[in-house]
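Residues per chain are reported as follows:
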Number of protein chains: 2
Amino acid sequence: MVDPITVLAEPVRRRILDELRVTECSVGSLVDALAMSQPAVSKHLKVLREAGFVSSRTAAQQRIYRLEPEPFRALERWLAPYRRLWGTHLDALERHLEES
Amino acid sequence: MVDPITVLAEPVRRRILDELRVTECSVGSLVDALAMSQPAVSKHLKVLREAGFVSSRTAAQQRIYRLEPEPFRALERWLAPYRRLWGTHLDALERHLEES
DNA sequence: CTTGTAAATGCCTGATCGGTTATATAACGT
DNA sequence: ACGTTATATAACCGATCAGGCATTTACAAG
């Protein structure tokens with residue numbers, strides 16, 4: 001599985017990305033945050049890693065995962081031609097509303 | 001299945017959207033373009049329709065499908081917080097390169 | 001080198017999903 | 001009303017995938 005969009009189809013994987021958006025995380029803290037078995041989380045992390053969404057570094061026995069930008073950019077590139085069809089862009093007001 | 005990203009995970013559905021990005025299409029012309037059985041295409045169209053990506057109007061015996069913007073906007077809204085992490089935006093140069 | 005902790009991997013199962021064939025519905029012309 | 005064209009739906013099959021449990025690997029402390 002290498003296609004970014006396919007990887008994002010899994011809701012749990014999006015929750016993982018949401019967590020990592022706040023801070024980088026060890027596998028254990030993701031297990032706590034998601035209330036899910038450790039093997040399940042590790043499996044999702046493997047998929048995310050192979051698709052480039054996350055990278056990991058070793059810290060003692062822990063593996064610390066963090067977000068990587070490239071697949072998100074790829075998603076934007078895919079989306080761009082559609083956005084251009086309707087001049088859909090997030091303007092300042094929309095951006096402000098999102099942040100609340 | 002209602003989640004836009006899950007709907008887009010299917011490669012054939014993205015090809016359908018690619019076709020509809022050029023012009024609105026009847027089911028039959030999509031069948032030709034995709035070289036795929038009519039029931040398969042109709043099934044994908046149903047999923048796309050229920051997720052709001054496309055709408056259809058009746059013209060004689062044909063059903064003409066066309067793109068609808070809202071789910072794409074939803075995708076952008078989901079993507080926005082990540083984009084903000086790296087200031088990832090498509091600038092004029094990138095936009096130009098895409099068009100080639 | 002043993003013990004303990006953290007994470008990854010292997011195997012199995014149940015559910016989901018895409019494709020096919022066959023059939024039903026819808027709209028048109030005669 | 002009948003036959004024809006265009007599309008939708010139903011029933012079935014095979015493949016894929018997420019989750020669970022058990023096991024293994026990686027690393028550190030004693």
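Notes on the structure follow. Once a new chain begins, its residue numbering starts again from 1 and follows that chain's sequence as written. The lettering of chains begins at A and the numbering of ligands begins at 1, in the order of writing. Local features are withheld for residues below a pLDDT of 70 in this predicted model, meaning they are given only at 70 or higher, and side-chain atom pairs are given and counted only at 80 or more; totals for whole chains, interfaces and linings count all residues. Here the side-chain values reflect all heavy atoms present in the structure, with hydrogen atoms and water set aside.

Thoughts on the packing of helix H5 (residues 70-86) of chain A against helix H5 (residues 70-86) of chain B
The N-to-C vectors of H5(A) and H5(B) enclose an angle of 135°; their axes lie 11 Å apart at closest approach. Viewed along their axes, H5(A) and H5(B) adopt a mutual orientation that is oblique. H5(A) and H5(B) meet at a crossing whose hand is left-handed. Contact residues: A:Phe72, A:Arg73, A:Leu75, A:Glu76, A:Trp78, A:Leu79, A:Tyr82, A:Arg83 and A:Trp86 in H5(A); B:Phe72, B:Arg73, B:Leu75, B:Glu76, B:Trp78, B:Leu79, B:Tyr82, B:Arg83 and B:Trp86 in H5(B). Convention adopted: a line fitted to C-alpha atoms gives each axis, helices being fitted over their contacting stretch, and angles between N-to-C directions are expressed from 0 to 180 degrees. Helical segments are the DSSP runs of H or I of at least four residues, strand segments are the runs of E of at least two, and each set is numbered from the N terminus. For this classification, under 35 degrees means roughly parallel, over 145 means roughly antiparallel, 65 to 115 means roughly perpendicular, and everything else is oblique. In this scheme, a crossing is called left-handed if the near helix is turned counterclockwise away from the far one by less than a right angle; it is called right-handed if the turn is clockwise. Every residue pair with non-hydrogen atoms within 4.5 Å of one another is taken to be in contact.

Some points on the sheet that holds strand S2 (residues 54-59) of chain A
What links the strands of a sheet is backbone hydrogen bonding, and the strands pair in either a parallel or an antiparallel sense. Residue and element names in this part refer to chain A. Pairs of strands are assigned from DSSP output, requiring at least two bridges between the strands. Taken in spatial order, the three strands make up an open sheet running S1-S3-S2, and their pairing is antiparallel. Sheet topology places strand S1 (25-26) and S2 at the edges, where each strand pairs with a single neighbour. In the sheet, S1 pairs with strand S3 (residues 62-67) via two bridges, with the strands oriented antiparallel. By the bridge assignment, Ser26 is partnered in S3 with Ile64. Each of S1, S2 and S3 is contacted by helix H2 (residues 11-22), which is oriented at about 90° to S3, the strand it contacts most.

Looking at the interface of chain A and chain B
Tallying the contact residues gives 31 residues for chain A and 31 residues for chain B. A simple way to read buried area is as the amount of 1.4 Å-probe accessible surface that goes missing from two parts once joined, with both sides added. When the two sides are added together, the surface that chain A and chain B hide from each other amounts to roughly 3100 Å², 66% of it contributed by carbon and sulfur. It is A:Glu76, A:Tyr82 and A:Trp86 that lose the most area in chain A upon contact with chain B, and together they represent 19% of the buried surface on that side. By definition, a salt bridge exists where a carboxyl oxygen of Asp or Glu is found within 4 Å of a side-chain nitrogen of Lys or Arg. Counting across the chain A and chain B interface gives four salt bridges. Pairs of N or O atoms within 3.5 Å make up the polar contacts considered here, provided that, within protein, one atom can donate a hydrogen while the other can accept it, and that residues adjacent in sequence are counted only when both atoms are side-chain atoms. Between chain A and chain B we count eight residue pairs in polar contact (both at pLDDT 80 or more) in total.

Points about helix H4 (residues 38-50) of chain A
Residues and elements named next belong to chain A. Helix length check: H4, at 13 residues, gives a terminal C-alpha distance of 18 Å against a target of 18 Å (1.5 Å per residue), a fit within 8%. Only protein chains enter the calculation, and the probe is 1.4 Å; a residue is then buried if its accessible area is under 20% of its type maximum, exposed if over 50%, and partly exposed in between. When H4 is considered as a whole, its buried residues turn out to be Val41, His44, Leu45, Val47 and Leu48. Seen end-on, H4 carries its buried residues on one side only, within an arc spanning 160°. Seen from the buried face of H4, the exposed residues on the opposite side, beyond 90 degrees, are Pro39, Lys43 and Glu50. Considering only its buried residues, H4 is in contact with helix H1 (4-8), H2, helix H3 (27-34), S2 and S3. Among the residues trailing H4, Gly52 stands out with phi positive, at a value near 85°. Between the first and last residue of a helix there are one fewer steps than residues, each counted as 1.5 Å, and that sum is the expected span. The directions from the helix axis to the C-beta atoms form the arc being described.

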